[in-house]
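Single-letter residue listing:
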Amino acid sequence: MDMPVIIKRSKRKTVSLSVTRQLEVLVRAPLGVPEQTLYNFVRSHCGWLEKQRKFQQERQAKQYQPTPQEVTGLKAKAAQMAALRVACFSEQMQVAPTGLKITSAAARWGSCSGRNSLCFSYRIALLPPDLVDYIVVHELAHIRVKDHSPRFYAQIQQYLPDYKERVARLKAAARELGL
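None of the values given here were measured: they were computed from a predicted structure. (Residues numbered from 1 in each chain as written. Predicted model: local features only at pLDDT ≥ 70, side-chain atom pairs only at ≥ 80, totals over all residues. Heavy atoms only, no water.)

Visitor: I'd like a rundown of the environment of R21, residues and numbers included.
Guide: Within the element layout of this structure, R21 appears in the loop between β2 (16-19) and β3 (25-30). Sequence-wise, R21 and A83 are 62 residues apart; in three dimensions their C-alpha atoms are separated by 31 Å. Once residues lying within four places of it in the same chain are set aside, the contact partners of R21 are Q56, R59, Q60, A106, A107 and L179. (Helix = DSSP H or I, 4+ residues; strand = E, 2+ residues; numbered from the N terminus. Contact = heavy atoms within 4.5 Å.)

Visitor: Quick one: what's the story with the packing of aromatic side chains, residue by residue and with numbers?
Guide: In this description, an aromatic ring pair is defined by two values, namely the gap between the centres and the angle between the planes. Per the counting criterion, the structure on display carries two aromatic pairs. Relative to Y153, the ring of F152 lies with its centre 4.9 Å away and its plane at 80°, an arrangement referred to as edge-to-face. A relative accessible area of 0% places F152 in the buried class. You can call Y153 partly exposed: its relative accessible area is 25%. Seen in terms of ring centroids, Y153 and Y163 are 5.7 Å apart; in terms of plane orientation they differ by 15°. Their pairing is stacked. Of the two residues, Y153 is situated in helix α5 (residues 150-159) and Y163 in helix α6 (residues 163-177); the sequence distance between them amounts to 10 residues. Look at Y163 and you get buried, because its relative accessible area is 9%. (Phe/Tyr/Trp six-rings, centres within 6.5 Å; stacked < 30°, edge-to-face > 60°. Buried < 20%, exposed > 50% of the residue type's maximum accessible area, 1.4 Å probe, protein only.)

The analysis is restricted to geometry; functional conclusions fall outside its scope.
Spelled out as structure tokens, the structure:
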């Protein structure tokens, strides 16, 4: 196996294994597990790791790679979409974000900072409007509830009763785009 191994230790009870987008083996382990035990664990899962590596490579091969000119256009479109939808839903939800920014994030559609500033990936411009609405409502809900508890999803459901169906479609769209 020719993938670098990264070990991250924390106060956890189990060992987990994954392959990152950078094709690294990520081992999450409890604090007291000896390093040799972890390397033996990795070796015992070589077949699974190889399958995961191929999956990540295939995912990257089909990932949409816009040109710099396309990125500029997508950022402009995303900024316009986000501004309109945030204005609409923030009024309905009676919340006030402190800022709005368009980023090049590839691993997330949006985020809400601790100071209630919203960021959206320019990739939202590739989505249908109803999925952009879900992302916007999701991030605006974080202004009130900073976690993903049942109370958080109750906030979303109040404004988008079909949010679960939208989440499923958003996951499918992400797979189609290779994200």
